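Summary of the model geometry
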Amino acid sequence: MSEGRVLAVANQKGGVGKSTVAANLAAAYGAMGQKVLFVDIDPQTDGTNMFGVASSGAQTIIHLLTNTPFAECVQREVVPGVDLIPGSTEMKDLEQVLVTKSFRETYLAKALQEDAPSYDLLIVDCPPNLGVLTVNALCAAQEVLIVISMTDRNAYKGTMALVGTVGELQQSGVNVRVSGIVRNNVDKRPAEQQRKLYKALNKQLLADPTLPVLETEIPMTAAFQNSAAEGYPLIVRRPDHKGAAAIRQVAEELQVAEVARA
């Protein structure tokens, strides 16, 4: 894995399990011996909460973006191998301010550029939209992991909208690519409606050979939410769970793909 690699985890559609995947992926890489920084720019702060950290009273991402030194904003070793820059609900207000600024797409990249080389991997948890905060993450990242819920008919539209945005940024000179699309909330139980929806979404995704759909599917399981409620990623709380195993496989797929491209 290259030094200072930045991975944005995103989808325009909310409710796809993006923050759950992002936090567990960070913990998986940490458990693999990588030095990881988790950056939460989602105003919902779900990723921060999954590490058992409360953003109130802490120096957060909003402080980093308004010139507070990096060392004052980072929380060390929230789980093994993972440092955290907590999210803030005030980010929604900052987004409105950034819209009026020059070079508004590069604030995050500039805030992280001096400290990124000290990490093997930075994972940025994006808001569930294609606003200026998400565009900041895409401009700071080399890679995007798109999370799609296989129980949501509209998640495919959000996925394709994000693919389109990445393409537009590439045309404008931004060095970013979609490194993977991961199918989340996969439920293959025999209920007819669920089975039909899964097959329909899968058909749409696999019909386009240019879409980098990962082989690994992440199962639907309440264990992710139960573990998050206790303030731990499932990878840490129950590393032998099938959901944790799937996350590790996603991490390995992304790492193999990165090595192949290097």
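Since the model is a prediction, treat every value here as computed from it, not as a measurement.

**What about the overall build of the protein?**
- Scanning the protein from terminus to terminus reveals 12 helices and 8 strands.
- Radius of gyration (C-alpha) of the protein: 17 Å, near the 18 Å computed for a compact globule of 262 residues.
- Each of the three principal axes of the protein carries a C-alpha extent, and together these read 55 × 40 × 35 Å.
- Out of the 262 residues in the protein, the part that is buried amounts to 55%.

**Things to note about the confidence of the model for the protein**
- Here the protein shows a mean pLDDT of 91. Residues at 70 or above account for 96%.
- Of all secondary-structure elements in the protein, the lowest mean pLDDT belongs to helix H5 (residues 91–98), at 82, while helix H1 (residues 18–31) reaches the highest, 98.

**What about the nonpolar core?**
- In this structure, Leu25, Phe51, Leu108 and Ile123 are the most contacted members of the largest nonpolar core, which totals 90 residues.
- Element by element, the count of residues in this core is highest for H1, at 8 residues.
- What Ile123 contacts, discounting residues up to four positions off in sequence, is Leu7, Val9, Ala22, Leu25, Ala26, Tyr29, Leu37, Phe38 and Val39.

**Side note on the packing of aromatic side chains**
- Under the counting rule described, the total for this entry stands at 2 aromatic pairs.
- Ring centres of Phe38 and Phe51 lie 5.2 Å apart, and the angle between their planes is 65 degrees; this geometry places the pair in the edge-to-face category. Residue Phe38 is found in strand S2 (residues 36–40), and its partner Phe51 is found in the loop between helix H2 (46–50) and helix H3 (61–65); the two are separated by 13 residues along the sequence.
- Residue Phe38 is classed as buried on the basis of its relative accessible area, which comes to 0%.

**Here's the deal with the pairing of strand S5 (residues 121–125)**
- Here S5 lies mainly inside the structure; 5 of its 5 residues are buried.
- The alternating pattern of S5 places Leu121, Ile123 and Asp125 and Leu122 and Val124 on opposite faces, both of which are buried.
- Note: strand S1 (residues 5–10) against S5, 5 bridges, orientation parallel. For Arg5, the partnering residue across the bridge sits in S5 and is Leu121.
- Alignment of S2 against S5, held across 5 bridges, turns out to be parallel. Paired with Val39 across the two strands is Val124, which belongs to S5.

**Description of the sheet that holds strand S8 (residues 213–219)**
- Strand order in the open sheet made by the 8 strands is S3-S4-S2-S5-S1-S6-S7-S8, with mixed pairing throughout. The open sheet is flanked by strand S3 (75–79) and S8, the only strands paired with a single partner. Sheet twist, expressed as the mean angle between neighbouring strand axes with direction ignored, is 30 degrees.
- Packed onto the sheet, H1 meets S1, S2, S3, strand S4 (82–85), S5, strand S6 (143–149), strand S7 (177–186) and S8 and runs at close to 165 degrees relative to S5.
- Here helix H8 (residues 155–171) sits on the sheet and contacts S1, S6 and S7; the angle it forms with S6, its principal contact strand, is near 165 degrees.

**Comments concerning the packing of helix H7 (residues 132–140) against H8**
- At their nearest, the axes of H7 and H8 sit 11 Å apart, and the two run at 55 degrees to each other. With respect to H8, the element H7 is oriented oblique. As for the relative orientation of H7 and H8, their crossing is right-handed in sense. Here Val135, Leu138 and Cys139 of H7 lie close against H8, whose contacting residues are Leu162, Thr165, Val166 and Leu169.
- Of the residues that constitute the contact of H7 with H8, the class distribution is 6 nonpolar, 1 polar and no charged.

What counts as what
- Residues numbered from 1 in each chain as written.
- Predicted model: local features only at pLDDT ≥ 70, side-chain atom pairs only at ≥ 80, totals over all residues.
- Heavy atoms only, no water.
- Helix = DSSP H or I, 4+ residues; strand = E, 2+ residues; numbered from the N terminus.
- Rg over C-alpha atoms; globule rule 2.2 N^0.38 Å.
- Buried < 20%, exposed > 50% of the residue type's maximum accessible area, 1.4 Å probe, protein only.
- pLDDT = per-residue confidence, 0-100.
- Core = buried A, V, L, I, M, F, W, Y, C linked by side-chain atoms within 4.5 Å.
- Contact = heavy atoms within 4.5 Å.
- Phe/Tyr/Trp six-rings, centres within 6.5 Å; stacked < 30°, edge-to-face > 60°.
- Pairing = 2+ DSSP bridges.
- Axes fitted to C-alpha atoms, helices over the stretch in contact; angles between N-to-C directions.
- Parallel < 35°, antiparallel > 145°, perpendicular 65-115°, else oblique.
- Left-handed = near helix turned anticlockwise from the far one by under 90°.
- Nonpolar A, V, L, I, M, F, W, Y, C, P; charged D, E, K, R; others polar.

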